[in-house]
Amino acid sequence: MTHPAKSSAAPPPAPGVPTIPAVPPQPTPPGQPDQYTRPGPQGGPGLPPPPASPQASPQARRTAFAEGADRLRAAATTEPGRLRIIGALLALLVVAFGAVTAWQTADRSAAADDVLNNSQPLSSAAADIYRSLADANTTASSGFLAGGQETAASRERYEKDIDNAAEGLVEAAANSDPGSPAAATVADLNRLLPEYKGLVERARTYNRQGFPVGGAYLRYANEKMQKEMLPKAEDLYTKENQRLRADYADATPYPWAAIGLGVLALAGLAWAQHRNYRRTNRVLNHGLVAASATATVVLLWLVVGHSVARADLNASYDDGVRSLNVLHDARIASLKARGNENLTLVARGAETKKVGTESVDAYDYDFKTNMATLGKGLAEAEKLADDTTGEQPVTQAVGNMAEWKKRHGAARADDENGNYADALARVIGAKGATGECFDSVDANLAEAIDHETTEFEQSAGDGLSAMTGLSAGAAVLAVLGAAGAVLGIGRRLSEYR
Amino acid sequence: MKGGVTMQGRRLRARLRGWGGVGAMALVCAVALAFALLLPLTQPRDGGPGTGGSGLARVTQARAEDGCPTPAMRDAPEKQSLSPSGADGKTIEAIKNRTGEKRKLIVGVDQNSYRWGYRDPNSGGTGDLEGFDIDLVHRIAKDILGDENDVQFKAIPTDQRIPAIQDGRVDMVVRTMTINCARMSEVAFSAPYFETGQQVLAPKSAPITGYDGSLAKKKICTATGSTANTKLTGDQEAGSLASSADLKTTVPNQLDCLVRLQLGEVDAVVTDGALAASQAAQDPTVELKGDPFTVEYYGVAMKKDADDLVRRVNQILVDYRQDKADGWQASYDRWLSATLGKDSSTSEPPAPQYLRKS
């Protein structure tokens, strides 16, 4: 462990240091008598050496602070005192570096963990709640409002949507902080869902009896869904997305404080070693070298680990979350379009809207707007898709959409000509109806969403694992480094005993 | 000069002082009058039916609002139609000149009025509409275009009936539409084809007895733009309906009122007796309360200048009522006898009069 006071090969002469000292050098601070300072009788272990000058003789009634400052000043006048101060400062710097690193990386890693396991799943769940509710409504109300009794398939789809929405709400409730706006929204939706379902059940009962009041119940249920529930579900989705973005913002910034302290600690260690060399001509002090090594490792680990994590997280956002948002929006647009297409037939031209000087069907106008949104969304998703597996379903959805538009045009022409039954068959019929196209668009978007979710989970998971152990490692290494600094200085100090 | 001015000033002041008493009295009178006029406004407006002052206000207001040019029109708007004729004019020519698939009569109807214009959910998914109004539409289409199925139905909410005609979205509206003076300034009506009156519908267990004081503090549902809505709002302003009755619930179709009633969101529904009976037929726990409190007639509404079409529809109505085999009576028996009773005499309007000359 210990080195010789002087390396066997003669070191290059250092400026200001006597050449080839035969004995351990006796640095001479300016203005101080050259003397060996040993722990005096008054100076217990750990206490600074007694003041060497008579001016510092104890005076009556001094404050502890002033006394401490005096002692420090006195200590700084002797080499062992200075060494003690340097050792303490170095240890403090290395420990602070480790602590700040542990704290900042723990924060970031917790945020990254939230992104992966909390806010992104919640944002997807919220999108799913919205989709399930909208799909349930489209399935239950429109198809049957337009064409009599619902089919077994549409009933099953409705029930599945309601189950999905209920499950999503339970999950969202479990994951939202009590008293937060998101929790209030979830509570509202939990209250409205059974109300909505009750209205639909009543509608079914009356429908079976052949009473048109069943249709009136469905209109009421539809109104509740469109005016109260869907806006709330959309709001929940927006809030969860904001949370996701906030978690990303917490996870990705560089830990500048930790990096700064690391650089400072390394600079301090380098200076201490250089000072040591200047005074003793000894190149290596084991303790200080060990401290430098650990600090370097922590700093490198911090910078590299964080950069990798940051790159992975950014990739998970760019390749995953952005695509997912676009795909979710496109899916919702296609749902809205389907709902409006059905309502066009349900309302039979009752609602019109002035566009310029022309009066057009209000629901058909909305349908066209939704389809434009869908088209834009699909184009964007195609651009964002970074591999063929992700691109393929989107391309297929684009094809489905084109076919949907074509069939929709034919259905509209029939309706405009008063062939209501034909138009109905073209929209909600079994074969060759626009319903098929809508289902294909929906299925393809679901596939694309699945793929992007997997991509997101991979990238974000990689990012999270790049930070694994960083906080704990930084803490342990910092303690070791501080110990090294103390030991290294202690080694020098022991030469004064 | 100076003395003269003082003299004049003093005289003026004296004169003013003489008028002062009169002025003060006038001021007191004006304040008292203002108080007397404002007093009714500061009282809680809970007055029962027919307090004298507000009744007077009602008459003036009614005259200002209903837009009736003559008292005869207000008293019997159903008589203000053109005499029947089978001749084609420019409106009918335009309909007949529609080509291909579009050669259809476009008619605004209801799809939510049980036995008037509705879709039977168990009819097999064709979406065909049926009912008393729909029968009449098929008859008109057959007469004008030759085929009773040359019709394009457009379902329209109550408050869209007049705009739909004015915008030319439909050729006519056959949708339990009451002939009244206010609507006559916007559309043209045929002769009446049905007689009814406003009635109150409420749960059997409710303490409501009819269109009277028992509606105080009750929530009443009406359809937006309906006769019932106009009548109730007018009566409440006039004071003949308790001001505590809550009329805020208005819905697109009268049937939506039954939903609100069943959900307990309202206590009573006011609509045409014929439609109220349709609602009662769908729910055995509600019933019509009291007698009809108005007399109204349904007519076919058309564009204001479509004289030939109005005359033609009136001619069709004459034939329809005479046709015992498959006309008015047969349609009544098929759709309405179950809800309105076998006896159709209270529903059949009196022999039409055609007092409108142009």
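1. Digging into the overall build of chain A
Item 1. Counting its regular elements, chain A contains twelve helices and two strands.
Item 2. Order of helices (α) and strands (β) in chain A, N terminus to C terminus: α-α-α-α-α-α-α-β-β-α-α-α-α-α.
Item 3. Across the 497 residues of chain A, 45% fall into the buried class.
Item 4. In chain A, of all internal contacts separated by at least 6 residues, the share reaching a separation of at least 24 is 79%.

2. Remarks on the overall build of chain B
Item 1. A count of helical and extended segments in chain B gives twelve helices and 15 strands.
Item 2. The contacts in chain B between residues at least 6 apart in sequence include a share of 76% that link residues at least 24 apart.

3. Notes on helix α11 (residues 307-322) of chain B
Owing to its 3.6 residues per turn, the α-helix aligns residues three or four sequence positions apart on the same side.
Residues and elements named next belong to chain B.
Item 1. Between the first and last C-alpha of α11 there are 23 Å, a value that for 16 residues agrees with the 22 Å anticipated at 1.5 Å per step.
Item 2. Along α11, the positions that sit buried rather than exposed are Asp-308, Leu-309, Val-310, Arg-311, Arg-312, Val-313, Asn-314, Ile-316, Leu-317 and Tyr-320.
Item 3. Tucked into the core, α11 has its buried residues touching α4 (90-96), α5 (132-145), β7 (188-189), β15 (301-302) and α12 (328-340).

4. Concerning the packing of helix α6 (residues 256-280) of chain A against helix α7 (residues 286-347) of chain A
Residues and elements named next belong to chain A.
Item 1. Contact geometry for α6 and α7: axes closest at 10 Å, N-to-C directions at 160°. Taken together, the axes of α6 and α7 lie roughly antiparallel to each other. Taken as a pair, α6 and α7 cross one another with a handedness that is left-handed. Of α7, the residues touching α6 (which contributes Ala-258, Ile-259, Gly-262, Ala-265, Leu-266, Leu-269, Ala-272 and Gln-273) are Leu-288, Ala-291, Ser-292, Ala-295, Thr-296, Val-298, Leu-299, Leu-302 and Val-303.
Item 2. Class assignment for the residues of the contact of α6 with α7 results in 13 nonpolar, four polar and no charged.

5. Thoughts on unusual backbone geometry
Item 1. The residue Asn-281 of chain A is not glycine, and still its phi comes out positive at about 70°.
Item 2. For Asn-281 of chain A, the location among the structural elements is in the loop between α6 and α7.

6. What to know about the sheet that holds strand β6 (residues 172-173) of chain B
Residues and elements named next belong to chain B.
Item 1. In space, the five strands of this open sheet follow the order β5-β1-β6-β15-β7, with mixed pairing throughout. Sheet topology places β5 (151-155) and β7 at the edges, where each strand pairs with a single neighbour.
Item 2. The pairing of β7 with β15 spans two bridges and is classified as antiparallel. Counterpart to Phe-189 in the pairing with β15 is Ala-301.

7. Observations concerning the interface of chain B and chain A
Accessible area lost upon the coming together of the parts is a frequently used measure of interface size.
Item 1. Between chain B and chain A, the contact holds 30 residues from the first and 27 residues from the second.
Item 2. Each residue belonging to the side of chain B that touches chain A can be placed in one class, and the counts come to ten nonpolar, eleven polar and nine charged.

8. Considerations on the pairing of strand β10 (residues 220-223) of chain B
As a general feature of sheets, a regular strand has side chains that alternate between the two faces.
Residues and elements named next belong to chain B.
Item 1. What you see with β10 is no split at all: Ile-220 and Thr-222 on one side and Cys-221 and Ala-223 on the other are buried throughout.
Item 2. Pairing between β10 and strand β11 (residues 250-251): two bridges, direction parallel. Its bridge partner lying in β11, Thr-222 is registered against Thr-250.
Item 3. For the crossover from β10 across helix α8 (residues 227-238) to β11, the handedness is right-handed.

9. Topic: the confidence of the model for chain B
Residues and elements named next belong to chain B.
Item 1. When pLDDT is averaged along chain B, the result is 84; 81% of the residues meet or exceed 70.
Item 2. Ignoring residues within four places in sequence, the model shows residues 40-64, a span with pLDDT below 50, making 23 contacts including any to other chains.
Item 3. Reported for the predicted complex are a pTM of 0.74 and an ipTM of 0.76.

10. Quick look at the confidence of the model for chain A
Detail in the predicted coordinates should be disregarded across regions flagged by low pLDDT.
Item 1. In this model, chain A carries a mean pLDDT of 84, and residues with pLDDT of at least 70 account for 85%.
Item 2. Here residues 1-54 of chain A scores under 50 on pLDDT; set against residues more than four positions off or in separate chains, the count is 56 contacts.

11. Considerations on the sheet that holds strand β4 (residues 129-130) of chain B
Whenever strands of a sheet pair, they do so through backbone hydrogen bonds, lying parallel or antiparallel.
Residues and elements named next belong to chain B.
Item 1. The sheet built from three strands is open, its strands ordered β2-β3-β4 with antiparallel pairing. Looking at strand neighbours, the two that pair on one side only are β2 (112-113) and β4, the edges of this open sheet.
Item 2. With two bridges joining them, β2 and strand β3 (residues 117-119) adopt antiparallel strand pairing. Its bridge partner being in β3, Asn-112 is matched across the sheet by Tyr-118.

12. Quick notes on the domain arrangement of chain B
All names here are of chain B.
Item 1. The domains assigned to chain B are domain 1 (77-195 + 298-340) and domain 2 (198-289).
Item 2. Spacing between the C-alpha centres of domain 1 and domain 2 amounts to 27 Å.
Item 3. Opposite the 16 residues of domain 1 that make contact, domain 2 presents 15 residues.
Item 4. Of all the secondary-structure elements, those providing two or more residues to the side of domain 1 that touches domain 2 are β2 and α12.

13. Concerning the environment of Arg-119 of chain B
Item 1. Among the secondary structure elements, Arg-119 of chain B is positioned in strand β3.
Item 2. Taking the number of C-beta atoms within 10 Å as the measure of exposure, Arg-119 of chain B has 25 and is therefore buried.
Item 3. Sequence separation between Arg-119 of chain B and Gly-131 of chain B is twelve residues, and the spatial gap between their C-alpha atoms is 8.6 Å.
Item 4. When near neighbours in sequence (up to four residues on either side) are disregarded, Arg-119 of chain B contacts Pro-212 of chain A together with Gln-111, Gly-127, Asp-128 and Leu-129 of chain B.

14. Considering the pairing of strand β2 (residues 358-361) of chain A
Residues and elements named next belong to chain A.
Item 1. Summarising the sheet, strand β1 (residues 352-355) and β2 pair through four bridges and their orientation is antiparallel. Among the inter-strand pairings, Lys-354 is bridged to a residue of β2, identified as Ser-359.
Item 2. Where β1 hands over to β2, the hairpin turn is made up of two residues, of which Gly-356 adopts a positive phi near 65°.

15. Some remarks on helix α3 (residues 152-175) of chain A
Item 1. Between the first and last C-alpha of α3 of chain A there are 35 Å, a value that for 24 residues agrees with the 34 Å anticipated at 1.5 Å per step.
Item 2. Turning to α3 of chain A, its buried residues number three or more, namely Tyr-158, Asp-161, Ile-162, Ala-165, Gly-168, Leu-169 and Ala-172 of chain A.

16. Considerations on the environment of Thr-454 of chain A
Residues and elements named next belong to chain A.
Item 1. Checked against the element boundaries, Thr-454 lands in helix α11 (residues 434-466).
Item 2. Look at Thr-454 and you get partly exposed, because 13 C-beta atoms sit within 10 Å.
Item 3. Here the alpha-carbon distance between Thr-454 and Ala-362, two residues 92 residues apart in the chain, equals 39 Å.

Parameters and conventions
Residues numbered from 1 in each chain as written. Chains lettered and ligands numbered in written order. Predicted model: local features only at pLDDT ≥ 70, side-chain atom pairs only at ≥ 80, totals over all residues. Helix = DSSP H or I, 4+ residues; strand = E, 2+ residues; numbered from the N terminus. Buried ≥ 20, exposed ≤ 12 C-beta atoms within 10 Å, placed from the backbone. Contact = placed C-beta atoms within 7 Å. Expected span 1.5 Å × (residues − 1). Axes fitted to C-alpha atoms, helices over the stretch in contact; angles between N-to-C directions. Parallel < 35°, antiparallel > 145°, perpendicular 65-115°, else oblique. Left-handed = near helix turned anticlockwise from the far one by under 90°. Nonpolar A, V, L, I, M, F, W, Y, C, P; charged D, E, K, R; others polar. Pairing = 2+ DSSP bridges. Right-handed = clockwise from strand over helix to strand, strands pointing away. pLDDT = per-residue confidence, 0-100. Domains from an automatic or database assignment.

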